[in-house]
Structure formats: C-alpha cells, structure tokens
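What the coordinates show
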Amino acid sequence: PRMVSSHLLVDLGLGLMNKAENLSGNTHMENMERALLYRDGLIIALLASRPIRRRNLAGIRIGINFLADSSGYTLHFGAHETKNHEVLEHPLPHWLSPYICRYLEYYRLMFQNAAHHDGLWASSQGGALCSEAIYDRVAIHTKNAFGHSVNLHLFRDCVATTIADEDPENVQVAADLLGHSSLAITERHYIQKNTSKACASYQNTLADLHQKLQHDKEMRRG
C-alpha cells in the first residue's frame, strides 16, 4: 500500500522546486523557506531517478561524489563508499541539469556557511545536511502528497517496481540502478508487484482452467 510510482515521486520533487520559484522572497525568512523547499524538491527528484542508498545520498560531496562535465552531472562513489564494495557511477538525467544548476548557483548559497563546505545538501544550521534530517524532510513532503510517508529506502523499491511493471523486458536496468550484482537480488528484495494484478491474473487462470475442465467433462459425456 505504501508503494508509489517513481513518476509521481519525480513530479513531487519538481513541483516543490517550482513552488519555491513562485514564492515571494522579500525577507530572509521567506528566502530561507524557498531554499529549503527547493533543496528538498531536488533531493526527492534526484532520489526518484537515481535511488542511491541513504548513507551515499547524505554523503554526496561536490567535486568528489558529485561531478560536472560538458555532458552534465554524474554521481560517483568509490568501492569503499558502497555497501557491496563496488564502484557506483550514475550519470544524472539531463532534464534534471537546469534544476541542479539553479540550486548550486542560487539556492544553495542562501544557506549559512554553504560556501565553506563541499556537502551537496546544505543545512540551515551550517554544514551539510545529515541523513536523519534528509529522512525527516522527505517523509514530511511525501506524507503531505500521498497521505503516507515514503522513506528513503522505499524509493529503491518504488523505482524497481515501476521499471518491472512498465518495462519488464528491460528489468535488468533496475538492478543496475540499485547497484546490485545480479537481477535475482533486485527481484527478491525490491520488486514488489501489484498484488491486485497478481490476484486478478490468478483468478483468470483458474477460470480458464475450470472452463476447460467443464468442456472436457461434457465431451466425455457426449
């Protein structure tokens, strides 16, 4: 019941950033509210498209894990930074680039001491935003949007299940996005198929079987 399509999660993130752009910012507090909203929206949109683990999300450092070149932005984590001890590298979607630029060049600089640390997610307290704070902020926004919170780890389930439902022929992409060594791990732990669809399919199979048995019985009687 807590599963949400990745498309809706991306839309939520983009919606928060667009809302921040449309709010007035005449005072420091108003500008801070806009910066918080934009940052949170970018976190949600990025996580919905590249569902990295919570520790990696909070630990993104500009110039180390967050790299920019002529083709766009890339997330890079060394083997010592990932759970399975393998290098993880994800180019970020091109449609996200304008939002990232806007955050880096405008909103991030509104945060206290942001110019003096390399954490991608700046905190209003100065320094980088910790994983617990990211968890809480995402939980608040998703609960407001969907009536229940979507925690950071559940984003991984949502992405895997969305791919499996909409593009089953390329479900291997889900394993690649989640950084799994095999598709079996993804299927076992993350892909949560729609139960109602499974039940309907099962009932249809039973109905077809029952109809065939009835037909065979009538044929034998004839």
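Quick caveat: nothing in here was measured; it's all calculated off a predicted structure.

So, how was this worked out
- Within each chain, residue numbers correspond to sequence positions counted from 1 in written order.
- Note on the predicted model: pLDDT of at least 70 is required for a residue's local features to be given, and 80 or more for side-chain atom pairs to be given and counted; whole-chain, interface and lining totals, by contrast, use all residues.
- Calculated side-chain values reflect all of the structure's heavy atoms, with hydrogen atoms and water omitted.
- Known as pLDDT, the predictor's per-residue confidence is scaled from 0 to 100.
- Residue contacts are counted whenever heavy atoms from the two residues lie within 4.5 Å of one another.
- Two strands pair under a simple rule: DSSP has to find at least two bridges between them.
- Secondary structure elements are defined from DSSP: runs of H or I of at least 4 residues count as helices, runs of E of at least 2 residues count as strands, and each element is numbered from the N terminus.
- Orientation is described by axes fitted as lines to C-alpha atoms, over the contacting stretch for helices, and by angles from 0 to 180 degrees between their N-to-C directions.
- For every residue, the accessible area (1.4 Å probe, protein chains only) is compared with the maximum for its type, and the residue is labelled buried under 20%, exposed over 50%, or partly exposed between those bounds.
- Whenever a nitrogen or oxygen atom comes within 3.5 Å of another N or O atom, the pair is scored as a polar contact, on the condition that within protein one atom can donate a hydrogen and the other can accept it, and that pairs from neighbouring residues in sequence are kept only if both atoms are in side chains.
- Directions drawn from the helix axis to the C-beta atoms are what define this arc.
- Throughout, a crossing is termed right-handed when the near helix is turned clockwise from the far one, and left-handed when it is turned anticlockwise from it by less than a right angle.
- Nonpolar residues are Ala, Val, Leu, Ile, Met, Phe, Trp, Tyr, Cys and Pro. Charged residues are Asp, Glu, Lys and Arg, and all others, Gly as well, are polar.

Some thoughts on the confidence of the model for the protein chain
With 73% of its residues at a pLDDT of at least 70, the protein chain reaches an overall mean of 83. Low pLDDT, under 50, characterises residues 193-203; the stretch is placed with three contacts to residues that sit more than four places away or in other chains.

Digging into the sheet that holds strand S2 (residues 72-77)
The strand order across the open sheet formed by three strands is S1-S2-S3, and the pairing between neighbours is antiparallel. Each of the sheet's edge strands pairs with one partner strand only, and the pair in question is strand S1 (66-69) and strand S3 (88-91). Taken over all neighbouring pairs, the strand axes of this sheet differ in orientation by 25 degrees on average, direction set aside. Looking at chain direction, S2 and S3 are connected through four bridges and run antiparallel. Bridge pairing in S3 places His-76 opposite Glu-89. Contacts between helix H4 (residues 97-107) and the sheet are confined to S1 and S2, with S2 contributing the most and set at about 80 degrees to the helix.

Quick word on the pairing of S2
Burial runs high along S2: five of the six residues are buried. Connecting the antiparallel pair S1 and S2 is a turn made up of two residues.

Comments concerning the side chain of His-117
Relative to the assigned elements, His-117 resides in the loop between H4 and helix H5 (131-146). Owing to a relative accessible area of 18%, His-117 belongs among the buried residues under this scheme. Only 3.1 Å separates the side chain of His-117 from the backbone oxygen of Gly-127, close enough to count as a polar contact. In this view, His-117 contacts Arg-108, Ala-122, Gly-127 and Ala-128; residues no more than four positions away in its chain are not counted.

Quick look at H4
Taken residue by residue, H4 has Ser-97, Ile-100, Tyr-103 and Tyr-107 as its buried positions. In a view along the axis of H4, the buried residues occupy a sector of 165 degrees, so they form one face of it. Among the exposed residues of H4, those oriented more than 90 degrees off its buried face are Pro-98 and Glu-105. As for H4, its buried residues are in contact with helix H1 (6-22), helix H2 (28-49), S1 and S2.

Observations concerning the environment of Glu-33
By secondary structure assignment, the location of Glu-33 is in helix H2. What makes Glu-33 partly exposed here is its relative accessible area of 49%. C-alpha of Glu-33 to C-alpha of Ala-20: the two residues are 13 residues apart in sequence and 7.9 Å apart in space.

Topic: the packing of H2 against H4
The contact between H2 and H4 brings their axes to 11 Å, and the two run at 145 degrees. Handedness of the crossing formed by H2 with H4: left-handed. Contacts between H2 and H4 pair Arg-34, Ala-35, Tyr-38, Arg-39 and Leu-42 from the former with Pro-98, Tyr-99, Ile-100, Arg-102, Tyr-103, Tyr-106 and Tyr-107 from the latter. Looking at side-chain class alone, the contact of H2 with H4 contains nine nonpolar, no polar and three charged residues.

Quick word on unusual backbone geometry
Phi is positive for His-85, close to 60 degrees, though the residue is something other than glycine. As for its placement among the helices and strands, His-85 is situated in the loop between S2 and S3. Positive phi values are uncommon outside glycine, yet Asn-113 reaches one of about 65 degrees. Tracing the backbone through its elements, the reader meets Asn-113 in the loop between H4 and H5. Using a relative accessible area of 40% as the deciding quantity, one classes Asn-113 as partly exposed.

Structural notes on the environment of Ser-5
Relative to the helices and strands, Ser-5 resides in the segment before H1. Accessibility expressed as a relative area gives 25% for Ser-5, which makes it partly exposed. When the C-alpha atoms of Ser-5 and Ile-163 are compared, they prove to be 9.4 Å apart, with 158 residues separating the residues in sequence. At a separation of 3.2 Å, a polar atom in the side chain of Ser-5 contacts the main-chain amide nitrogen of His-7.

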